[in-house]
Structures are given as C-alpha cells and as structure tokens.
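Summary of structural features
Listed below, chain by chain, are the residues.
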Amino acid sequence: MTTIGIVGAGAAAAAATYVLDTAVPDAEITVFEKSGGLCGRAATRRNDDRNLVYDYGANYLKSDDERVVELVTETLSDEGMVDATEPIHTFEADGEVEPGRDADEHKWSYRMGLTQIAKRLFGGTDATVHRRTRVETIRREQGNGDGTDGDEKWSLVDADGTEWGPFDVLLCNPPAPQTAELLADAEWESPVREALRAAAADVPYRSVWTAVLHYEFSLDRPYYGLVNTDKAHAVGWISREECKAGHVPDGESLLVVQAGGEWSTAHYDDDPRENVAALADHAADLVGGDRLADPDWTDHQGWRYAIPEDGVKRGPVDSAADEGFYVLGDWVVGEGRLHAALANGLDTGERVAHRL
Ligand SMILES: Cc1cc2nc3c(=O)[nH]c(=O)nc-3n(C[C@H](O)[C@H](O)[C@H](O)COP(=O)(O)OP(=O)(O)OC[C@H]3O[C@@H](n4cnc5c(N)ncnc54)[C@H](O)[C@@H]3O)c2cc1C
C-alpha cells in the first residue's frame, strides 16, 4: 500500500486527491485541513436565518481550462451549478461605471456555493479528511530504519502534538508564505528544504479585505459585477450574489465588496465595523443609491494572503518533488485563480501517480 499525506484541503488539493484516488488504487490518502471547511479561499458561508448563501473569497469559477471544465461539468455532477449570466462592468479611480469587458463565457458557482467543488471532489474518493487539524511540523525520516536509499518517509505533527504518518509522498497546498513557514520549521535534512523555503517566501501576495452587505430591497442593475481596471480605487471588485440562483431570497440584495490591495493592506487591522462602513459608502457611490451605505446586515473577512502576484521559481519545486515533497496551488502556477489552482491540482496528482 502507498501512503499519501496532503496538507491543506483547498481546490488544488481536492483535484489532486481526486486524480490520485483513481490513478493509484492502492493508495491510502490522508488530508489535514486547519479550518472547519473545505476549498480554502474558494469559501462559502450560509446564514440560515436569512436564507443566504454567499461566496466571500473567490466569486466564481471561469471556464478557462478545458480539463477543469470537463471535471466540473462532466466528471462531477453539474447538479446545482449556477451561472451568473449578467456582464461585468468596469470603473477606474473616478468611480464612473462603464459597460466593460465581459470576457468570461461562464461565471460558475453552485446553489450551495463554490465550496461544492472540493466537497464533491473529496466526496468522490476514499480519502480521509481531518478538519480542524493544523499541521505544524513536517518531518522526513528513515522509514524502516535500515538506512537504505529511498526508504525515507514523511510524517507530520499537528497543533495538538499528534503525529501522523508515515507517508511515502507529501503534498503541500497552503499559500506560499504559509508553506515557507512550514518549511522553515521542517525537520528535513536537505538543501532542497531551504531552497524551496526561500523560493516560496519570495512569492509576492496581495491582501484583500472583504465586506458583505445585505439589503432588504432588490437592485435593478444591468451587471453582475464591477471591476476596478486601473487598480487606483479603494474598491477592487463588487458583485451581486443575487445573480447566483439560490443565494439570496427574491426582493433582496447581497453585495460582496472586495477592497483593493493598497486599501486592504492599509486597513487590514482596523476596526472591522469602520472598514465595513467605509466599504458600504464606496458601494453606495459605485453602484449608486444612498441607501446602500446603510446595509441591514453585514459580514466581513480579511485575507492576508489573497492573491499571489507571481509564480514560484520552478527549480526548487522540481527538486523537492524528486524527494517526494510536492507543492501545489495557484502560487505554483503563478495565477491567483480558482481554475488555475484546480488545473495545478490535476497536474500534480498525475505527476505523483506517475512517480508511484
Ligand atoms: C478575496 C478573494 C477573491 C478571489 N476571487 C477570485 C475569483 O473571483 N475568481 C477566481 O478564479 N479566483 C479568485 N480568487 C482566488 C482563488 O480563491 C484561489 O486562487 C484558489 O482558491 C486557490 O486554491 P488553492 O488550492 O491554491 O489554495 P487555498 O484555497 O489557499 O487552499 C489552501 C488550504 O490549506 C489550508 N492550510 C493552510 N495552512 C495549513 C496548515 N498548516 N495545516 C493544514 N491546513 C493548512 C488552508 O486553510 C486552505 O484550506 C480569490 C481569492 C480571494 C482570497
């Protein structure tokens, strides 16, 4: 039997698990996720009292990668998939909204939200997923103690001190800065460890601060989302969750307001109530209508490592893979997008299967 350990249960990890479960039938796959949910930054919350479902990290999946399209529309059930068909309009620093690009053929989510992607992928496998299990230490050690080449195994220690393993290969899905922290503390006697740590630590990230604003009235607008094209406005993105079927009751509205990188960094640790109020004012200006400055219910989230702005150097990634340590996720391909994370997960799964 082959044992595979996976740190993190983001979209990339879910896709890799799905591939490995089929391609390596004797594999025992164990996934460790620090949070209570699956799908990482493609995150969905529900408010059952208000009948709301909202994607407050990634807003939608676009159809940019053929294998990912096939995965979500053919391999997995497309039941409950929703497509926000309204276009995306644009604005610049002056806040003037203009009909803009609508390059995305599909803007997919699910009635139950984007987390369905990871739930369906993991659900289609025999993998064991341990939620609320934060990995703190990665170890590489002799497997059976005979010291022969190639019998090294991986093991993990979580935040409660529980040791997991041994694993023949290890996949690591956290964003680059968190992967770099894990590598800094890893008990792995190899120059590859430090090379990969340094490469991961070098990947630049943009922070995003998100406000979610609910209104008891409907909004009649010709667009699903507004995107800031010159990156000079406090707001980077606003979208209307009511354009996704099943997310917002009829006659109500829910705006997801993503602040731009500069604003998010400057206000990251400010009082969330002040941030939400400031972003609601901006939403009122951009979408139009004073009453939007006064939502009747709100939610918020800070994403320190929201979007990688470049990719990791390839050399250390490949050297680590030669030792049985695979990093995967959007930062590995240098595109902070859900379809890119899923595609990299599929690739990584195939690469690991080929090695095994
Ligand atoms: C605000 C925001 C808006 C976005 N908008 C879009 C969009 O509209 N369209 C789009 O395509 N993409 C968007 N993205 C990007 C998209 O969400 C990501 O590219 C994609 O979800 C990345 O998936 P991943 O598998 O690479 O990593 P992640 O989703 O980050 O998964 C990594 C997982 O590892 C877990 N983890 C971390 N450390 C540990 C540890 N020590 N132990 C155990 N588990 C750990 C994390 O909890 C997480 O679940 C957005 C992202 C954000 C934050």
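These lines cover the structure that appears in this document, whether it is placed above or below. What you are looking at is a predicted structure, and each value in this text was computed from that prediction instead of being measured.

It is worth spelling out the site of the ligand at this point. Near the ligand you find 35 residues, and of these Ala12, Glu33, Arg41, Asp330 and Leu338 are the closest. A distance of 2.6 Å is found between an oxygen atom of the ligand and a side-chain nitrogen or oxygen belonging to glutamate 33. Separating an oxygen atom of the ligand from a side-chain N or O atom of aspartate 330 is a distance of 2.7 Å. Out of a free accessible area of 1,000 Å², the ligand has 94% covered by protein chains.

The two faces of a sheet get side chains in turn, since along a regular strand they alternate between them. Of all the eleven residues making up strand 14 (residues 205-215), ten are buried; the element is thus mostly covered by neighbouring parts of the structure. Pairing geometry for strand 14 and strand 18 (residues 297-308), over nine bridges, is antiparallel. When the sheet's bridge partners are listed, leucine 213 is paired in strand 18 with threonine 298. Pairing of strand 14 with strand 17 (residues 253-259), which is carried by six bridges, proceeds in the antiparallel orientation. Pairing of threonine 210 across the sheet is with glutamine 258, part of strand 17.

Those residues of helix 8 (residues 314-322) not exposed but buried are Pro316, Val317, Ala320 and Ala321. Buried residues in helix 8, looked at end-on, bunch into an arc of 140 degrees, giving them a common side. On its buried face, helix 8 sits against helix 5 (191-201), strand 19 (325-327) and helix 10 (338-355). After helix 8 finishes, the residue glycine 324 shows a positive phi value of roughly 90 degrees.

Turning our eyes to something else, we now look at the sheet that holds strand 10 (residues 135-142). Across the sheet, three strands lie side by side as 10-11-12; this open sheet has antiparallel pairing. Pairing within the sheet leaves two strands with one partner each, and these edge strands are strand 10 and strand 12 (163-167). Along the sheet, successive strands turn relative to each other by an average axial angle of 20 degrees, direction set aside. Here strand 10 runs beside strand 11 (residues 152-158); their pairing, made up of seven bridges, is antiparallel.

For helix 5, every residue scored as buried is listed here: Val192, Arg193, Leu196, Ala199 and Ala200. Buried residues in helix 5, looked at end-on, bunch into an arc of 135 degrees, giving them a common side. Backbone nitrogen of valine 192 and a side-chain oxygen of the N-cap are separated by 3.1 Å at the start of helix 5; the cap is serine 190.

What counts and how
Residues numbered from 1 in each chain as written. Predicted model: local features only at pLDDT ≥ 70, side-chain atom pairs only at ≥ 80, totals over all residues. Heavy atoms only, no water. Near = heavy atom within 4 Å. Polar contact = N/O pair within 3.5 Å; in protein donor to acceptor, adjacent residues only side chain to side chain. Areas by Shrake-Rupley, 256 points an atom, 1.4 Å probe, with all protein chains shown as cover. Buried < 20%, exposed > 50% of the residue type's maximum accessible area, 1.4 Å probe, protein only. Helix = DSSP H or I, 4+ residues; strand = E, 2+ residues; numbered from the N terminus. Pairing = 2+ DSSP bridges. Arc of directions from axis to C-beta. Contact = heavy atoms within 4.5 Å. Axes fitted to C-alpha atoms, helices over the stretch in contact; angles between N-to-C directions.

Treat this as a map of the structure, not an account of what it does.
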